[in-house]
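# Summary of the model geometry
Chain by chain, the residues:
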Amino acid sequence: MNMQQRPPAVDKALAWPGMQTLIASHGRALVLDSLRAALELWRSGEISDQPTLVATVQQRIERTLAPSMRPVLNLTGTVLHTNLGRAPLPPEALAAMTAVAAGASNLEYDLASGQRGDRDAHVEDWICRLTGAEAATVVNNNAAAVLLVLNALASRREVVVSRGELIEIGGSFRLPDIMARAGCKLREVGTTNRTHARDYAEAVTARTALLLKAHTSNYQVQGFTTSLDEAQLAGIARAQGVPLVVDLGSGSLIDMQALGLPAEPVVGRILAQGVDVVTFSGDKLLGGPQAGIIAGRAELISKIRNSPLKRALRCDKLTLAALEAVLRLYADPDTLVQRVPTLRLLTREPAAIRQTAEALLPSLRGWAGAGFEADVCDVYSQIGSGSLPLETLPSAALRLSSISSNKRTRSRELRELAERLRQLPTPVIGRIADDSLLLDCRCVEDPEPLRQQWEAGA
Ligand SMILES: *Cc1c(COP(=O)(O)O)cnc(C)c1O
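With an unreviewed UniProt entry as reference, the protein is termed L-seryl-tRNA(Sec) selenium transferase, source organism Halopseudomonas phragmitis. UniProt, in the comment section headed Cofactor (unreviewed entry), describes the protein in these words: "pyridoxal 5'-phosphate". Regarding the protein, the UniProt comment filed under Sequence similarities (unreviewed entry) reads as follows: "Belongs to the SelA family."

The sheet built from seven strands is open, its strands ordered β5-β13-β12-β11-β10-β6-β9 with mixed pairing. In this open sheet, the two strands that pair with only one neighbour each are β5 (135-139) and β9 (185-189). In this sheet, adjacent strand axes meet at a mean angle of 25° when their direction is disregarded. Sheet topology note: the strand β11 (residues 244-249)/strand β12 (residues 277-281) ladder contains four bridges and is parallel. Looking at β12, one finds that glycine 249 is bridged to phenylalanine 280. Across the sheet, helix α12 (residues 298-305) touches β5, β12 and β13 (292-296), and the angle it forms with β5 is around 30°.

We now examine the side chain of threonine 279. Within the element layout of this structure, threonine 279 appears in strand β12. Residue class for threonine 279 comes out buried when judged on its relative accessible area of 1%. A distance of 3.1 Å separates polar atoms of two side chains, one belonging to threonine 279 and the other to aspartate 247.

What follows concerns the site of the ligand. Of all residues adjacent to the ligand, which total 13 residues, the nearest are Arg86, Ala143, Asp247, Ser281 and Lys284. With respect to the ligand, the side chain of arginine 86 contributes an N or O atom lying 2.8 Å from an oxygen atom. At 2.7 Å, a side-chain N or O of aspartate 247 approaches a nitrogen atom of the ligand. In the complex, the protein chains occlude 94% of the 380 Å² of accessible area that the ligand would expose alone. When contributions to the shell around the ligand are tallied by element, the ones reaching two or more residues are α7 (142-154) and β11.

Here the focus is the packing of helix α3 (residues 28-43) against helix α4 (residues 50-65). When two helices pack together, their arrangement is given by the angle between the helix axes and by the axis-to-axis distance. With their axes 9 Å apart at the nearest point, α3 and α4 run at an angle of 130° to one another. When the axis of α3 is compared with that of α4, the two are oblique. Handedness of the crossing formed by α3 with α4: right-handed. For the pair α3 and α4, contact is made by Leu30, Val31, Ser34, Leu35, Ala37, Ala38, Leu39, Leu41 and Trp42 and by Gln50, Leu53, Thr56, Val57, Arg60, Ile61, Thr64 and Leu65, respectively. A per-class count over the contact of α3 with α4 returns 12 nonpolar, four polar and one charged.

Analysis parameters
Residues numbered from 1 in each chain as written. Predicted model: local features only at pLDDT ≥ 70, side-chain atom pairs only at ≥ 80, totals over all residues. Heavy atoms only, no water. UniProt positions renumbered as here; feature names shortened; annotations may be inferred. Pairing = 2+ DSSP bridges. Helix = DSSP H or I, 4+ residues; strand = E, 2+ residues; numbered from the N terminus. Axes fitted to C-alpha atoms, helices over the stretch in contact; angles between N-to-C directions. Contact = heavy atoms within 4.5 Å. Buried < 20%, exposed > 50% of the residue type's maximum accessible area, 1.4 Å probe, protein only. Polar contact = N/O pair within 3.5 Å; in protein donor to acceptor, adjacent residues only side chain to side chain. Near = heavy atom within 4 Å. Areas by Shrake-Rupley, 256 points an atom, 1.4 Å probe, with all protein chains shown as cover. Parallel < 35°, antiparallel > 145°, perpendicular 65-115°, else oblique. Left-handed = near helix turned anticlockwise from the far one by under 90°. Nonpolar A, V, L, I, M, F, W, Y, C, P; charged D, E, K, R; others polar.

Right, here's the structure in full:
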C-alpha cells in the first residue's frame, strides 16, 4: 500500500517561505482559500510534496485573479461585432474617459452658475449641431432609447407601426415586446410586404399617441412591396396631428455612400424630412461608446428627458465623456474617417488588408503546424450590428485548412485549431466557413502583436 504522507497543517504551510512570498503579493485571504483547495488535492493523492503544493496554490491564485473581460483580436470579418464589444474607441475617447474616471467632474454641475447642471449638456449641442435637431438626450443604448421614447410619449395609448417593420434585432430586441414593456398598445397596419398611406391614415384615432417607423436594417422585403418613406409618413403624421418617431438602429451622422459603403439613413436628412424624433445607437456606425441617442423636436425631447424612466436608463460619466470626444471628431469631416476607428476599418482598402494578411502568413503557417495548409484568400467582411449582410466590403483573410483526407477529421481539426487560437494570450477569433478557418484581416491594423504571438507559440 502506498503510504501517503499526511498533508501539512494549514498554519504550518502558510509559514513556508514560498507561501509567505505569495501572501506578500496577493494577501493572506486569497492564499488561504487556494491553500485549502490545494490541500484537498494532497488528500486525494494528487500532490505529495511542498514545491508542488506551493506551485498549485500560485496557479490557483493566478486563475482567480485573471480578468474575465479582456482584449481579443477580432478576425471574424464583422467589424461591429456585438459579442466582441462593437465599436473600437479612438484615443481621444479613451483620454476623455481617463480624465474624468479617477476623480470628480462637472458631470451634472454647471461651472458658470455653480448650480446643478444636466448630464446631457456635454453632448446635446454636438448632437444638435451634427444632426440639425432642436434638442437631444442620451441613454444607455438604443433599445433603451426606443423604450424610453415609447413610454414617455405613448404610455397607455396606441402606436401605429407597419407589419413590415415589426422587427427583431439580435439579442432579443423585439419591437412588439419593447412596446408592451413601454406600456403602449401596438396598432399594426398593412401587411408584411405592403403598407399604404391609407393604412396609416385609417388607423389614427383619438387613442393614437404616435406613428413609429423602424429601420429594417437586418433584412429586406423584396418583390411586390410598398412602404412609406419618412417624408410621406411625416406628411400623414402632420395631417393627423400626431408625432412621427423613427428608430434608425444604426443611423449615421455622415453619408456612408460617399465613403463607398452601403447606404444607411443619415440622421440629419431623416430629421429634415419632418420626422419629430429619431433614435440611434452610439456604438454602431457612429463609432462611439454604447449609448442610445434620442434627437428631435425640443418639446418632445423635454418630455422624454423628464420622464422618470430616463433616470433609470441614463448613461454614466465614462460613456458621456467618450461620446463627447467622438462627436467632437465629427466636427472635422476631412479627418473623421481616419480618426474614428470604425469608419477607418470599414473603409480600409482591400489591397492594404491583403498586404497585412500576407505579412502574417509565414508566422501563422509555422504556428499552425504541418497538419494545415495556409494561404491568403479574398473574402467579404460585414459591417455587423444589424446592417444588411451585403457583399460590399471586399477584404482578405488568412485561410487554414486541414490536410486530412477525412471530412470529419478535417472538421474536428479546424474546431481544435479555432480553440487554440482562442487560447492565445490575446485570443484570436476567426470563423469557420467552407471547410476552412478564415481570419479576416480587416480589423488588423498592426500585424506585429499577432505575428509575435504566433512566433512565440510555434
Ligand atoms: C441595433 C438596433 C437596435 C438596438 O440598439 P442597441 O444599441 O443595440 O440597444 C434597435 N433598433 C434597431 C433598428 C437596431 O438596428
